[in-house]
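Structural description and commentary
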Amino acid sequence: MAKIISGKEVSAKVREQVKTECDELKSKGINPGLAVIIVGDDPASRVYVNNKKKACADVGFVSEEYALPAETTQEQLLALVEELNNKPDINGILCQLPLPGHLDETAVINAISPLKDVDAFHPSNVGKIMIGDYDFLPCTPAGVMEMIHNEGIEVNGKNCVVIGRSNIVGKPMAMLLLHENGTVTICHSRTKNLKEICARADILVAAVGKPKFVTADMVKEGAVVLDVGINRDENGKLCGDVDFESVEPKASYITPVPGGVGPMTIAMLMKNTLKAAKIQNGII
Ligand code: NDP
């Protein structure tokens with residue numbers, strides 16, 4: 001039987017800490033502020049943006065929403081980013097992805113000031129993560145690490161396998177495990193012998209985007225299994241990349257979906273925004 005790591009509980013702890021530190025900043029006259037840009041009317045993006053605004057309100061941040069119509073031009077979007085880069089009461093800028101197809105996401109990410117890039121997607125922040133000397137970590141991998149730390153799970157010297165190599169999850173996840181002296185293997189759609197590689201993992205992170213992709217035969221007895229995936233199963237029910245029912249009895253720790261990595265992502269966004277406010281006000 002695995003210990004189920006509750007993202008709800010760990011994220012509540014992180015948010016509580018952020019709230020306490022936000023109160024301290026406010027007592028010094030600093031009000032951390034996050035600007036969230038949403039373009040178009042994608043329903044999933046709307047839910048994510050609403051959740052982020054609510055999280056801001058809960059910890060005491062100011063949040064500003066910039067909801068732009070789907071037909072917004074690249075120039076208009078870049079002009080807004082520039083305006084927010086120069087707005088002193090905004091410490092963090094987040095542009096909800098994906099953007100409508102005619103917009104260039106990379107150009108938008110590159111236009112956000114690295115100091116306000118609380119998603120940590122800007123190439124300058126990505127480079128800093130590679131070196132291991134960073135201000136911000138991307139929220140989802142940072143959330144996974146927070147869960148690992150909260151449980152006191154040792155990464156040092158462990159075989160770590162990350163399935164997925166996206167810029168927002170897989171690659172930075174691997175880097176963070178490497179920084180903690182894990183021996184890291186990154187798997188992707190061209191990986192041969194995926195099952196054998198995964199079955200050697202002491203720590204297995206699944207960021208594939210395929211429902212119940214990781215089955216019990218891919219998991220070593222006693223492994224720590226962290227499930228980043230958010231998918232719908234054949235009945236339309238929310239599920240992760242891990243087949244929870246079959247894997248849970250073999251694992252030592254496992255994260256559920258929902259209620260696992262998902263809530264951590266927003267909590268880490270709050271942490272990054274707080275840090276941005278501190279940096280911009282010369283506190284750290
Ligand atoms: P991407 O689609 O960008 O990346 C998926 C990765 O999985 C790719 O590297 C791909 O390989 C790899 N992959 C696909 N099929 C296979 C296969 N058969 N075998 C091995 N590897 C495979 O997804 P993201 O990284 O953005 O997201 C991954 C999942 O995490 C999704 O379910 C997403 O919804 C979820 N997510 C959850 C978040 C949270 O807050 N909990 C935040 C962000 C994402 P290749 O590169 O070769 O194509």
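Residues numbered from 1 in each chain as written. Predicted model: local features only at pLDDT ≥ 70, side-chain atom pairs only at ≥ 80, totals over all residues. Heavy atoms only, no water.

Things to note about the packing of helix H1 (residues 7-27) against helix H10 (residues 261-280)
Axis separation between H1 and H10 bottoms out at 8 Å; the angle between their running directions is 20°. Of the possible angle classes, the one that applies to H1 and H10 is roughly parallel. The handedness of the crossing between H1 and H10 is left-handed. Residues Gly7, Lys8, Val10, Ser11, Val14, Arg15, Val18, Glu21, Cys22 and Leu25 of H1 form the contact with H10, whose participating residues are Pro263, Met264, Ile266, Ala267, Met268, Met270, Lys271, Leu274, Ala277 and Lys278. (Axes fitted to C-alpha atoms, helices over the stretch in contact; angles between N-to-C directions. Helix = DSSP H or I, 4+ residues; strand = E, 2+ residues; numbered from the N terminus. Parallel < 35°, antiparallel > 145°, perpendicular 65-115°, else oblique. Left-handed = near helix turned anticlockwise from the far one by under 90°. Contact = heavy atoms within 4.5 Å.)

Section: the site of the ligand
Neighbouring the ligand are 22 residues, the closest being Arg165, Ser166, Ser189, Ile230 and Thr265. Contact distances for the ligand include 3.4 Å between a nitrogen atom and a side-chain N or O atom of Lys210. When the ligand is considered free in solution it has 930 Å² of accessible area, and contact with the protein chains removes 70% of it. Per-element tally for the shell around the ligand: the top contributor is H10, with three residues. For the shell around the ligand, the per-class residue count stands at 10 nonpolar, 10 polar and two charged. (Near = heavy atom within 4 Å. Polar contact = N/O pair within 3.5 Å; in protein donor to acceptor, adjacent residues only side chain to side chain. Areas by Shrake-Rupley, 256 points an atom, 1.4 Å probe, with all protein chains shown as cover. Nonpolar A, V, L, I, M, F, W, Y, C, P; charged D, E, K, R; others polar.)

Structural notes on empty space enclosed by the protein
Summed over the entire model, instances satisfying the criterion amount to one cavity of 30 Å³ or more. Size it by volume and the largest cavity reaches roughly 70 Å³. Surrounding the largest cavity, Ile93, Leu94, Cys95, Leu97, Val108, Ile109, Ile112, Asp117, Asp119 and Phe121 form its lining. Sorting the residues of the lining of the largest cavity by element identifies strand S4 (92-95) and helix H4 (105-111) as the ones contributing at least two each. Take the lining of the largest cavity: its biggest share by element is three residues, from S4. Looking at side-chain class alone, the lining of the largest cavity contains eight nonpolar, no polar and two charged residues. (1 Å grid on protein atoms, 1.4 Å probe; cavity = no way out; pocket = protein on both sides within 12 Å on 5 of 7 lines; lining within 4 Å. Points joined across faces, edges and corners; volume = space filled by probe spheres on them.)

Some points on the pattern of salt bridges
Scanning the model with the defined rule gives 14 salt bridges in all. Here Glu64 and Lys87 are joined by a salt bridge, their closest N and O atoms 2.9 Å apart. Here Glu64 is found in strand S3 (residues 62-68), whereas its partner Lys87 is found in the loop between helix H3 (74-85) and S4, with 23 residues between them in sequence. We classify Glu64 as buried; its relative accessible area is 18%. Each of Arg15, Lys54 and Asp58 takes part in one network of salt bridges that share partners. (Salt bridge = Lys/Arg side-chain N within 4 Å of Asp/Glu carboxyl O. Buried < 20%, exposed > 50% of the residue type's maximum accessible area, 1.4 Å probe, protein only.)

Observations regarding the state of the cysteines
This model, assessed by the stated rule, comprises zero disulfides. The structure places no disulfide on Cys56, whose sulfur is separated from the nearest cysteine sulfur, that of Cys22, by 9.5 Å. On the accessibility criterion, Cys56 (0% relative accessible area) is buried. Lacking any disulfide linkage, Cys187 is separated from the closest cysteine sulfur, that of Cys198, by 5.0 Å. (Disulfide = S-S within 2.5 Å.)

A short note on the sheet that holds strand S11 (residues 253-254)
Pairing between sheet strands relies on hydrogen bonds along the backbone, with the strands arranged either parallel or antiparallel. Overall, parallel pairing links the six strands, which are arranged S1-S11-S8-S7-S5-S6 in an open sheet. Edge strands, defined here as strands with exactly one partner in the open sheet, are strand S1 (3-4) and strand S6 (183-187). Pairing analysis gives four bridges linking strand S7 (residues 203-206) to strand S8 (residues 224-227), with the strands arranged parallel. Counterpart to Val205 in the pairing with S8 is Leu226. On the sheet, helix H7 (residues 170-179) packs against strand S5 (159-163), S6 and S7 and is oriented at approximately 170° with respect to S5. (Pairing = 2+ DSSP bridges.)

Let's talk about unusual backbone geometry
Residue Pro98 is bonded to the preceding Leu97 through a cis peptide linkage, with omega at 0°. Note that Pro98 resides in the loop between S4 and H4. For Asn181, which is not glycine, the phi torsion reads 70° and is therefore positive. Turning to its location among the elements, Asn181 is positioned in the loop between H7 and S6. Here Asn193, not a glycine, exhibits a phi torsion of approximately 55°, which is positive. In this fold, Asn193 is placed in the loop between S6 and helix H8 (194-199).

Digging into helix H6 (residues 139-150)
Think of an α-helix as 3.6 residues a turn; residues three or four steps apart then line up on the same face. In a regular helix each residue adds 1.5 Å, so 12 residues correspond to 16 Å; H6 covers 16 Å between its end C-alpha atoms and thus fits that length. Buried within H6 we find Cys139, Thr140, Pro141, Ala142, Gly143, Val144, Met145, Met147 and Ile148. Its buried side turned inward, H6 meets H1, H7, S8 and H10. (Expected span 1.5 Å × (residues − 1).)

Description of the sheet that holds S3
One open sheet accounts for three strands, arranged S3-S2-S4; its pairing is parallel. The open sheet is flanked by S3 and S4, the only strands paired with a single partner. Strand-to-strand twist in this sheet, taken as the mean axis angle between neighbours without regard to direction, amounts to 15°. Strands strand S2 (33-39), S3 and S4 of the sheet are contacted by helix H2 (residues 43-59), whose axis makes an angle of about 160° with S3. Docked against the sheet, H3 engages S2, S3 and S4, running at close to 180° with respect to S2.

It is worth stressing that arrangement in space is one thing and function is another; only the former is reported here.
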